[in-house]
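Summary of the model geometry
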Amino acid sequence: MEKKDVVIVGSCMKDLVCYLSTFPSPGETVSCHKFETGFGGKGANQCVMAAKLGASTAMVARLGADDIGTATVQNFKSHGIDTEHVHMVNDLASGVASIAVNASGENTIIIAPGANERMDSVAVEEARHTIENARVVVCQLEIPPPTVKAALLLAKQNGVRTIFNPAPAVKGLDETIYSVADILCLNETEASILTGLSVDSVDTAKEAVMSLLSRDGPGSVLVTLGAEGVVYRQRGQSGPHHVPTEKVRAVDTTGAGDAFVGALAFFLARYPDLSMNDAITRSSAIAAVSVQAPGTQSSFPQRSALPDTLFS
């Protein structure tokens, strides 16, 4: 069996996206000026981003036995993603995400997990060989936390590098998951929820990084701050460090965090000797490209559209 660069154990969604001038207030009804549908889900997005950059990838996921599920599998295959462990269930619909994007490119998202809730220990066990033989395994929190822990633990026990993206963050998360994460990667909102701090600047992100590193677990903590870049520290090294990113005009920030995580997984798998600072810089540059176009996976750039310097 071919060793995969990146294996994603995670979610799949159908995105229903409304573009509007401003978000409605509670009780208010507004009209959007554009509506689009697309493929999404944090797990699927990260897998597609890694695949577009040239990584060999596999997805471990659950879909409904419906039109969305069928189309999602075909989308994976169109990107060369291994779907051996993407299965359909008969009693739940495929997951759906309702997304609103305002004139500034900011978004709000409501998800209906559907078949993603069927990601369990059986799914991990069925994909054991694929997970054990990956270079990098990535998980998020749009599937049940016990499944995340099982997948990351299996990977860790077999010397596979692990990335945990605790999104969407939930209070009271079992912190033992951190112990099986080589890299904990989260945004400022998620960092606020998991630390109880108000993370809204580089300085407060540094506080959050130190708080999360003080727990029994992650080897590195990365807090993404959108246009302000990334704050990170690796356990046992100096820091925290701030890595700024290029300022761009954002059209749609939906999926930018997933573009970053997918790119980071690609660089860790394909360029294992790259420094964390360089991997973050390159991943941030790719995420910055994604926000300049509408959509989620459709906004992710192909490797051929990116500067060669990112891959040298």
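These notes cover the structure that comes with them. (Residues numbered from 1 in each chain as written. Predicted model: local features only at pLDDT ≥ 70, side-chain atom pairs only at ≥ 80, totals over all residues. Heavy atoms only, no water.)

Once that is clear, we can look at the overall build of the protein. Helix and strand counts for the protein stand at nine helices and 13 strands. A compact globule built from 312 residues should have a C-alpha radius of gyration of about 20 Å, and the protein, at 18 Å, falls within 12% of that. Principal-axis analysis of the C-alpha atoms places the extent of the protein at approximately 50 × 45 × 45 Å. Burial status across the protein gives 52% buried among its 312 residues. Counted over contacts in the protein with a minimum sequence separation of 6, partners at least 24 positions apart contribute 67%. With the model as given, the accessible surface of the protein reaches about 12,900 Å², and the carbon-plus-sulfur share is 50%. Side chains of the protein carry 24 positive and 33 negative charges; the gap between the two charge centres is 5 Å. (Helix = DSSP H or I, 4+ residues; strand = E, 2+ residues; numbered from the N terminus. Rg over C-alpha atoms; globule rule 2.2 N^0.38 Å. Buried < 20%, exposed > 50% of the residue type's maximum accessible area, 1.4 Å probe, protein only. Contact = heavy atoms within 4.5 Å. Areas by Shrake-Rupley, 256 points an atom, 1.4 Å probe, with all protein chains shown as cover. Lys, Arg positive; Asp, Glu negative; His and termini not counted. Charge placed at Lys NZ, Arg CZ, Asp CG, Glu CD.)

What follows is about the packing of aromatic side chains. Per the stated rule, a full pass over the model turns up five aromatic pairs. Between the aromatic rings of phenylalanine 266 and phenylalanine 311, the centroid separation amounts to 6.0 Å while the plane-to-plane angle is 75°, which identifies the pairing as edge-to-face. Of the two residues, phenylalanine 266 is situated in helix H8 (residues 256-270) and phenylalanine 311 in the segment after helix H9 (276-290); the sequence distance between them amounts to 45 residues. Owing to a relative accessible area of 0%, phenylalanine 266 belongs among the buried residues under this scheme. Judged by its relative accessible area of 10%, phenylalanine 311 is buried. Measuring from ring centre to ring centre gives 6.0 Å for phenylalanine 267 and phenylalanine 311, while their planes differ by 25°; the resulting arrangement is stacked. Within this pair, whereas phenylalanine 267 is found in helix H8, its partner phenylalanine 311 is found in the segment after H9, the two being separated by 44 residues in sequence. By relative accessible area, phenylalanine 267 is classed as buried at 0%. Members of the aromatic cluster, each reached through a chain of ring pairs, are Phe266, Phe267, Tyr271 and Phe311. (Phe/Tyr/Trp six-rings, centres within 6.5 Å; stacked < 30°, edge-to-face > 60°.)

For strand S11 (residues 220-224), a buried count of five out of five residues is recorded, marking the element as mostly surrounded by other parts of the structure. A two-sided burial pattern is seen for S11, the buried positions comprising Ser220, Leu222 and Thr224 on one face and Val221 and Val223 on the other. Where strand S10 (residues 183-187) and S11 come together, five bridges link them in parallel fashion. Paired with asparagine 187 across the two strands is threonine 224, which belongs to S11. As defined by bridge partners, S11 adjoins strand S12 (residues 230-234) across five bridges and the pair is classed as antiparallel. Bridging across to S12, leucine 222 finds its partner in tyrosine 232. (Pairing = 2+ DSSP bridges.)

On the secondary structure map, glutamate 175 appears in the loop between strand S9 (161-165) and S10. Using a relative accessible area of 38% as the deciding quantity, one classes glutamate 175 as partly exposed. Sequence-distant contacts of glutamate 175, defined by excluding residues within four places in its chain, comprise Arg215 and Asp216.

Let us look at helix H1 (residues 42-52). By the criterion of burial, H1 is predominantly enclosed, with 10 of the 11 residues buried. Every buried residue belonging to H1 is among Gly43, Ala44, Asn45, Gln46, Cys47, Val48, Met49, Ala50, Ala51 and Lys52, and all of these are buried. Looking one or two residues past H1, glycine 54 carries a phi angle of roughly 110°, positive in sign.

As a further point, take the sheet that holds strand S2 (residues 13-19). Each strand in a sheet pairs with another by means of backbone hydrogen bonds, the pair being arranged parallel or else antiparallel. An order of S3-S2-S6-S7 is seen for the four strands of this open sheet, with the pairing classed as mixed. Two strands bound the open sheet, and with one partner strand each, they are strand S3 (34-40) and strand S7 (107-112). Within this sheet the neighbouring strands show an average axis-to-axis angle of 20°, counted without direction. Where S2 meets strand S6 (residues 96-101), six bridges bridge the pair, whose relative direction is parallel. Within S6, the position partnered with lysine 14 by the bridge is valine 96. (Axes fitted to C-alpha atoms, helices over the stretch in contact; angles between N-to-C directions.)

Here alanine 167 and proline 168 are connected by a cis peptide whose omega angle stands at -5°. Looking at the element boundaries, proline 168 is found in the loop between S9 and S10. Residue proline 240 is reached from glycine 239 by a cis peptide bond, and omega for that bond is 5°.

Keep in mind these numbers describe shape, not what the thing actually does.
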